Amino acid sequence: MSQDPMDFEWSYWVEWGRERLLWLLAGHLLVSQMSRLLVEKYKPWCLMVYGMAACWLLLGIKGFAVILLHAAISFAVAQFQLSLLTWLCSLILLATLRIPAVEETKRKWYDTENEYYLLLFTVSVRCLFCTSFSLEYCWHAPAHKSSHSFPWMLAYVFYYPTFHNGPLVNFDEFSKQMRRQEAFSVKTNFSILIVGIIRIFFWWCLAELMIHLMYIHALYSSALPLESASYWALGGLALAQVLFFYVKYLVLYGVPGLLLQMDGLKPPALPCCVSLMHSFTKMWRSFDVGLHRFLVRYIYVPMGGSQSSLLGTLLSTALTFAFVSYWHGGQSYLWYWGALNWLGVIVENGTKRILSISLIQNLI
């Protein structure tokens, strides 16, 4: 039975997973468990070296050099300890990914378009990791700078389970957990691994079943069936698409999340089922937890967040969604998507504030 070919993201990562990524992740698991068993103290550096080797193998020396250059530039700019300058650097580095001449040069490095896209996705995610490290560097006192050295930045940036597609783990969480040395039990880790593999396999089978039977994305790519469908049918199609998106990310984040657990780290919670959500706010908090923590810690709270005036809250929320839209690619439809989400969050929070007024509560 043929499958729906229109979901690029699922087809892309499944193809890469079958070819190389699963083998490289298995290699990371082996190195991680051996280092935890034999040289716990040097585990971060063992994993750093493995991540750099895996990057070189997959992306070539030029792709590896691009990521290393991004890290070096971010670290150099962080030395000024100015958050605004760090953000400016991060936005400029992201902007370089969309310069046509630079894109064309990078395409020539590879034989296939898929290899170029792997570099593009990887560098986009690495930009967030570089930003997280640099801002933490800016915020910490000189006495703590040894824990924010360039080798620690490389250990964080080249940590392989989250390397190509996330999930996002902020540097402060990564550093604390990676430094923590705790009792290691092969038996316990093995049981976690087996249970995790069974769960991920179930989610993968469910996603494949949906791709082979439902053809949601193929229907969306053609205007004719959508124009002839009733509103109930369109609503059903929309629900089916977000449910598939949810199952897809259970797999895409479940695999690296399992490896994080095996490394003794606490991964961000997996996406919450979209059928249980009824608000924009909960959707943003519960779907991509790692990205949400990044946005709150580095954009929303520094800009004032909910503790500032009404205008300040509107501005900090708008800047958060503007960054999300820009990071995802900055195409016009992403700006519309970001604006609608911003409007949804503002309306929800505004309604909550109105309902919290004692007079309104008495009327209710």
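In this text the structure is predicted, and so the values were computed from the model without any measurement.

A. Quick look at a nonpolar patch on the surface. Together, Leu-30, Met-34, Leu-37, Leu-38, Val-39, Tyr-42 and Val-186 give the surface a local cluster of nonpolar side chains, amounting to about 690 Å² of exposed area. No other element matches the four residues that helix 1 (residues 8-38) contributes to the nonpolar patch. Here Met-34 shows up in helix 1. Overall, Met-34 belongs to the partly exposed group, its relative accessible area being 42%.

B. Representation of the UniProt feature "transmembrane region" (unreviewed entry) in the protein chain in the model. Residues annotated in UniProt with the feature "transmembrane region" (unreviewed entry) correspond here to residues 20-39, 46-69, 75-95, 116-135, 150-169, 190-211, 231-252 and 310-328. A helix fraction of 100% and a strand fraction of 0% characterise residues 46-69, whose end C-alpha atoms lie 21 Å from each other. As annotated, residues 190-211 comprises 100% helix and 0% strand, and the C-alpha atoms at either end are separated by 31 Å.

C. A look at the nonpolar core. One finds Leu-59, Phe-158, Phe-174 and Phe-323 to be the most contacted residues of the largest nonpolar core, which totals 94 residues. The element that contributes the greatest number of residues to this core is helix 2 (residues 43-78), accounting for 15 residues. Ignoring any residue separated from it by four or fewer positions in sequence, one finds Leu-59 in contact with Phe-64, Ile-67, Tyr-110, Leu-118, Leu-119, Thr-122 and Phe-163.

D. Structural view of the pattern of salt bridges. Taken as a whole, this structure holds seven salt bridges when the rule is applied. As a salt-bridge pair, Glu-40 and Lys-43 come within 4.0 Å of each other at their nearest N and O atoms. Lys-43 shares its class with Glu-40; the two are buried. One salt bridge in this structure joins Asp-172 and Arg-297, with 3.7 Å as the shortest N-O distance. On the criterion of sequence distance, the pair formed by Asp-172 in helix 7 (residues 171-179) and Arg-297 in helix 13 (residues 289-300) is long-range, its members being 125 residues apart.

E. Geometry of helix 1. A rise of 1.5 Å per residue sets the reference length of helix 1, with its 31 residues, at 45 Å; its end C-alpha atoms lie 41 Å apart and thus fit the reference within 8%. Most pronounced at Gly-17, the bend in helix 1 amounts to some 65°.

F. Focus on the domain arrangement of the protein chain. By domain assignment, the protein chain separates into domain 1 (8-180) and domain 2 (269-363). The partner domain 2 presents twelve residues to the 18 residues of domain 1 that form the contact. In terms of surface lost to domain 2, no three residues of domain 1 exceed Trp-87, Arg-98 and Leu-128, which account for 36% of the buried area on that side. At the boundary of domain 1 with domain 2, the tally comes to three salt bridges. For Glu-136, the salt bridge goes to Arg-297, with nearest N and O atoms at 2.6 Å. If you look at where domain 1 meets domain 2, you find eight residue pairs in polar contact (both at pLDDT 80 or more). When contributions to the side of domain 1 that touches domain 2 are tallied by element, the ones reaching two or more residues are helix 3 (83-96), helix 5 (113-139) and helix 7. Among the elements that line the side of domain 1 that touches domain 2, the one with the most residues is helix 5, at eight residues. Taken together, the residues that form the side of domain 1 that touches domain 2 break down as ten nonpolar, four polar and four charged.

Reading the values: rules and limits
- Residues numbered from 1 in each chain as written.
- Predicted model: local features only at pLDDT ≥ 70, side-chain atom pairs only at ≥ 80, totals over all residues.
- Heavy atoms only, no water.
- Patch = residues over 30% accessible without salt bridge, like charges linked within 9 Å, V, L, I, M, F, W, Y side chains within 5 Å.
- Areas by Shrake-Rupley, 256 points an atom, 1.4 Å probe, with all protein chains shown as cover.
- Salt bridge = Lys/Arg side-chain N within 4 Å of Asp/Glu carboxyl O.
- Helix = DSSP H or I, 4+ residues; strand = E, 2+ residues; numbered from the N terminus.
- Buried < 20%, exposed > 50% of the residue type's maximum accessible area, 1.4 Å probe, protein only.
- UniProt positions renumbered as here; feature names shortened; annotations may be inferred.
- Core = buried A, V, L, I, M, F, W, Y, C linked by side-chain atoms within 4.5 Å.
- Contact = heavy atoms within 4.5 Å.
- Expected span 1.5 Å × (residues − 1).
- Bend = angle between axes of the 7 residues up to and from the residue.
- Domains from an automatic or database assignment.
- Buried area = accessible area lost by both parts, 1.4 Å probe.
- Polar contact = N/O pair within 3.5 Å; in protein donor to acceptor, adjacent residues only side chain to side chain.
- Nonpolar A, V, L, I, M, F, W, Y, C, P; charged D, E, K, R; others polar.

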